[in-house]
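# Survey of secondary and tertiary structure
In case you want the letters, here they are:
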Amino acid sequence: MLPKITFQYSRIYDLTLYHFSTGKDKELNDSLFLKREIFCLKKIKIIEEWWNDKGQNILKEIQKYTSLKWTHKEITVYFLAEPHRKTWMGGFSNPITLFLKKIVDSNVSNQNMMFIKTAIIHELVHHNIPLRKIDGIIDDLQKEYNCDRGAATHVL
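Residues numbered from 1 in each chain as written. Predicted model: local features only at pLDDT ≥ 70, side-chain atom pairs only at ≥ 80, totals over all residues. Heavy atoms only, no water.

For the chain, the helix and strand inventory stands at 5 helices and 6 strands. Reading the chain from its N terminus to its C terminus gives the helix and strand order β-α-α-β-β-β-β-β-α-α-α. Expressed as lengths along the three principal axes of its C-alpha atoms, the size of the chain is roughly 45 × 40 × 25 Å. Scored against the burial criterion, the 156 residues of the chain give a buried share of 37%. (Helix = DSSP H or I, 4+ residues; strand = E, 2+ residues; numbered from the N terminus. Buried < 20%, exposed > 50% of the residue type's maximum accessible area, 1.4 Å probe, protein only.)

Structure below.
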């Protein structure tokens, strides 16, 4: 059975990452988060249209190429505007969190939609391959390629 994929923005998640990234406090209803929420929800609508058209096929292809059946019934993909500090980060896999904007040389710009779609697929692949089953393979790849765990996971 294929998992149900939901896309969402979480203001409390955004606030928490803000606090941990900057060490500063803000209120949940601060205009910063209200603006970020509006931006994210508009982008999520566009992403949902694409996913409604392509999503089931993408999930089937991931299952086919990994030779692993999905174990999750539902997966939430969180979207945030951009990291709260001057850094480039496309996202991370647990919980799946993707940034819709990027910061390069202190300039903030929107990620292009192809990057976002590719990142969604990339992070979903991470969720289809349970790391506890492949720890040995990752260890072997680290030795073979003399690389860190993150690189070995991506080689796999």
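Mean pLDDT for the chain: 90, with 96% of residues reaching 70 or above. By mean pLDDT, helix H4 (residues 131-145) is the weakest element of the chain at 78, and strand E1 (residues 4-8) is the strongest at 98. (pLDDT = per-residue confidence, 0-100.)

The strands that make up a sheet pair up through hydrogen bonds in the backbone, lying either parallel or antiparallel. Here 4 strands make up an open sheet; going across it, the order is E1-E2-E4-E3 and the pairing mixed. Pairing within the sheet leaves two strands with one partner each, and these edge strands are E1 and strand E3 (91-93). Each strand of the sheet is rotated relative to its neighbour by a mean of 20 degrees, with strand direction disregarded. As paired elements, E1 and strand E2 (residues 74-80) share 5 bridges and run parallel to each other. The partner of Phe-7 across the bridge, within E2, is Val-77. Against the sheet, helix H3 (residues 113-128) contacts E1, E2, E3 and strand E4 (96-99), and its axis sits at roughly 165 degrees relative to E4. (Pairing = 2+ DSSP bridges. Axes fitted to C-alpha atoms, helices over the stretch in contact; angles between N-to-C directions. Contact = heavy atoms within 4.5 Å.)

One can find Lys-43 in helix H2 (residues 31-66). In sequence terms Lys-43 and Leu-100 are 57 residues apart; their C-alpha atoms lie 8.0 Å from each other. In contact with Lys-43, other than residues within four places in its own chain, are Leu-100, Asn-110 and Met-113.

A full pass over the atoms with the stated rule returns 5 salt bridges. Note that Asp-14 and Arg-36 form a salt bridge whose closest N and O atoms lie 2.7 Å from each other. Of this pair, Asp-14 sits in helix H1 (residues 11-22) while Arg-36 sits in helix H2; the two residues are 22 residues apart in sequence, bridging distant segments of the chain. A residue is classified by how much of its surface remains accessible, and Asp-14, at 0% relative accessible area, is buried. For Lys-54, the salt bridge identified is with Asp-53, shortest N-O distance 3.7 Å. Residue class for Asp-53 comes out exposed when judged on its relative accessible area of 53%. Several salt bridges converge on common partners, so that one network encompasses Asp-14, Arg-36 and Glu-82. (Salt bridge = Lys/Arg side-chain N within 4 Å of Asp/Glu carboxyl O.)

A word on the packing of aromatic side chains. Applying the stated criterion to the full structure yields 6 aromatic pairs. Between Phe-7 and Phe-79, the aromatic rings sit 5.8 Å apart at their centres with planes inclined by 45 degrees, giving tilted as the arrangement. Of this pair, Phe-7 sits in strand E1 while Phe-79 sits in strand E2, and the two are 72 residues apart along the sequence. Ring pairs connect the aromatic residues Phe-7, Trp-50, Trp-51 and Phe-79, which therefore count as one cluster. (Phe/Tyr/Trp six-rings, centres within 6.5 Å; stacked < 30°, edge-to-face > 60°.)

To continue, consider the pairing of strand E5 (residues 101-104). As judged from the 4 bridges shared by E5 and strand E6 (residues 107-110), these two strands associate in the antiparallel manner. Within the sheet, the bridge partner assigned to Ile-103 lies in E6 and is Val-108. Remark: 2 residues form the turn of the hairpin made by E5 and E6, two consecutive strands paired antiparallel; Asp-105 in that turn has positive phi of roughly 55 degrees.

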